[in-house]
Amino acid sequence: MAVRTQEIASILERQISGQDLAADVQNVGQVIEVGDGIARVWGLSDVVAGELVEFPTVKPGGESVMGLALNLEEETVGAVILGPYTDIQEGHEVRRTGRIAQVPVGDALIGRVVNPLGEPVDGKGPIQTERFRPVERIAPGVVRRQPVKTPLQTGIKAIDAMIPIGRGQRELIIGDRTTGKSVVALDTIINQRGGDLTCIYVAIGQKESSIAETVGVLQENGAMEHTIVVAAGASDPAPMKYLAPFAGCAMGEEFLESGRDALIVYDDLSKHANSYREMSLLLRRPAGREAYPGDVFYLHSRLLERAARLNEENGGGSLTALPIIETQANDVSAYIPTNVISITDGQIYLESDLFYAGVRPALNVGISVSRVGGSAQTKAMRSVAGKLKIEMAQFRSLAAFAQFASDLDRSTRNQLERGLRIQEILKQPQFNPMPLEKQVMILWAVTNNHLDDVPVDKVQRWEAEFHRTMEMQVPELGEVIARDKEVSPETAEALAKAIEQFKQQVSL
């Protein structure tokens, strides 16, 4: 049988052409040292800062662990491990992924509890989204922004009246442990029910039981319908706590860039700074003041500057940030508190002495400030708030002076009495935010001397009865204030008349 060389050649040619002969080139490294959630890797010459690297499992059926390349040195790469690191050993292989750290974003996350990698931890199944965003991103430039002038109602009388927050602002909540910092943030989230604001709550380094309690409070008050919770618990490794606020911010930026409004709470950045210090010391970066690395200011500034209100050409969306900082023994001059105070647009300072004296929220009016001021208030609130802040500041200074004075003249005594009544009005139970129209009505009543004849110990009962009566007898007054966002002379006259009628009816 004759050999047909041409036919054999065509068969070989056909088989060779179907083969993929391209070499699969991977940039692979080797672990040379591992411990405390940090791996030093040799050989990843092309890796970039912030890139995800993969530590393949050596156990059959096990999952690979991801890491984040942070230190790019001459010979080695320092990577933090985002997960369990006990199975990783010297000599193990490390691979580049070519991806910068990113998280899933979009409406599918609303109502869910996720970890800093965007993976669900609430047992409700996978999150159906195809959109991802890098966790680290350059903040919007000054040309893309517009001034902060739209109010964000917290539902807390003392804050909405005296330290107003605007959409796109960064307002710090600062104070000692157990002074009600988280409660202020949660009240603000609860107050957005039925509104157009999406909220992100980032829990950093809290006990898992505390995070579960917070989620329970949000569910009870119907707030999980517009909220995403990003949870990095106390038992999570430091890199997860470091990543959590950046992951939450990326989720918020999705709403910002699509022309919507979002609010993000970082609870709290003190633990975030501690986790970054832990990572930096393990990566052998030089330590600075209080053993924090030199770039800890940049850590928080690049995070908080991402909160903004974009101009109309860029969609007009906003991202409002409420970072929380825990102080030690009321020391606001420590390193991290002063850093964050200098970055933010004001601070809400909660004082432990006021808290234990029963003034809750324990707001120190003297130190608390909003650098946006009245431009982020409605006309209605502005008309009652100006007088209120002056009277509260005078009351605080007089109260300190009156402790040492045996007898006081009538005008000083009257001012102290007025201040005590205002202080009682500003007290508010937790998880019970108040709508704007109710706030305006009661603050208008107290600043226009309508409570001067009410005993101080009965002011709160008077207020509760007042709101109930207004809703039942003259609901149109509240509707007008809510609609017009101002107290016109006609509304003021009708309000004064309604208060006089109420005072004749009420008996405390």
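In this report, we go over the structure that sits alongside the text. (Residues numbered from 1 in each chain as written. Predicted model: local features only at pLDDT ≥ 70, side-chain atom pairs only at ≥ 80, totals over all residues. Heavy atoms only, no water.)

Digging into the pattern of salt bridges
Applicable threshold: Take a side-chain nitrogen of Lys or Arg and a carboxyl oxygen of Asp or Glu: if they are within 4 Å of each other, that pair is a salt bridge. Going along the chain from the N terminus, every DSSP run of H or I of four or more residues is numbered as a helix, and every run of E of two or more is numbered as a strand. Buried means the residue's accessible area, taken with a 1.4 Å probe over protein chains only, is under 20% of the maximum for its type, while exposed means over 50%, and partly exposed covers the values in between.
As enumerated under the stated definition, the model contains 29 salt bridges in all. Measuring nitrogen to oxygen at the nearest pair gives 2.8 Å for the salt bridge that ties R133 to E254. Note that R133 is positioned in strand 9 (residues 132-134) and E254 in helix 5 (residues 238-257), a separation of 121 residues in sequence. Among the residues examined, E254 registers a relative accessible area of 11% and is labelled buried. Its salt-bridge partner being D453, residue K503 comes within 3.3 Å of it at the nearest N-O pair.

Notes on helix 4 (residues 208-220)
Put simply, the test is: Given the number of residues in a helix, its expected span is that number minus one, multiplied by 1.5 Å. Working rule for contacts: check all heavy atoms of both residues, and any pair within 4.5 Å makes them a contact.
The terminal C-alpha atoms of helix 4 lie 18 Å apart, and with 13 residues this matches the ideal 18 Å at 1.5 Å per residue to within 8%. Those residues of helix 4 lying buried are I211, T214, V215, G216, V217 and L218. On its buried face, helix 4 sits against strand 8 (113-114), helix 3 (181-190), strand 11 (197-206) and strand 12 (227-233). Positive phi appears at G222, one or two residues downstream of helix 4, with a value of about 70 degrees.

Observations regarding the packing of helix 5 against helix 7 (residues 296-304)
As a reminder, the rule being used: What counts as an axis is a line fitted to C-alpha atoms, over the stretch in contact for a helix, and the angles between N-to-C directions run from 0 to 180 degrees. By definition in this entry, angles of less than 35 degrees are roughly parallel, angles greater than 145 are roughly antiparallel, angles of 65 to 115 are roughly perpendicular, and the rest are oblique. Left-handed describes a crossing in which the near helix is turned anticlockwise from the far one by less than a right angle; the clockwise case is right-handed. Here the nonpolar group is Ala, Val, Leu, Ile, Met, Phe, Trp, Tyr, Cys and Pro; Asp, Glu, Lys and Arg are the charged ones; every other residue, Gly included, is treated as polar.
Here helix 5 crosses helix 7 at 20 degrees, and the two axes come no closer than 10 Å. Considered as vectors, helix 5 and helix 7 are oriented roughly parallel to each other. Crossing handedness for the pair helix 5 and helix 7: left-handed. Judged by residue contacts, Y242, P245, F246 and C249 of helix 5 engage L299, R302 and L303 from helix 7. Per-class residue counts for the contact of helix 5 with helix 7 are six nonpolar, no polar and one charged.

What about the pairing of strand 5 (residues 76-81)?
Worth spelling out the cut-off: Pairing between strands is defined by DSSP: at least two bridges between them are needed.
Most of strand 5 sits inside the fold, with six of its six residues counted as buried. Burial of strand 5 is two-sided: the residues T76, G78 and V80 facing one way and the residues V77, A79 and I81 facing the other way are all buried. Sheet analysis places strand 2 (residues 38-42) next to strand 5, joined by five bridges and oriented antiparallel. Bridge pairing in strand 5 links V41 to V77. In this sheet, strand 5 lies alongside strand 4 (residues 65-72) in antiparallel orientation, the contact comprising five bridges. Bridge pairing in strand 5 links L72 to V77.

Details of empty space enclosed by the protein
Condition: With a 1 Å grid laid over protein atoms only, a set of points is called a cavity when a 1.4 Å probe fits there but cannot get out and a pocket when it is open yet has protein on both sides within 12 Å along at least five of seven lines; lining residues have an atom within 4 Å of a point. Grid points are joined across faces, edges and corners, and a volume is the space filled by probe spheres set on the points.
Considering all chains together, one arrives at two cavities of 30 Å³ or more under this definition. Approximately 80 Å³ is the volume found for the largest cavity. A158, M162, V359, P361, L363, V365, M392, R396, Q423, L426 and K427 are the residues that line the largest cavity. For the lining of the largest cavity, a count of residues per class yields eight nonpolar, one polar and two charged.

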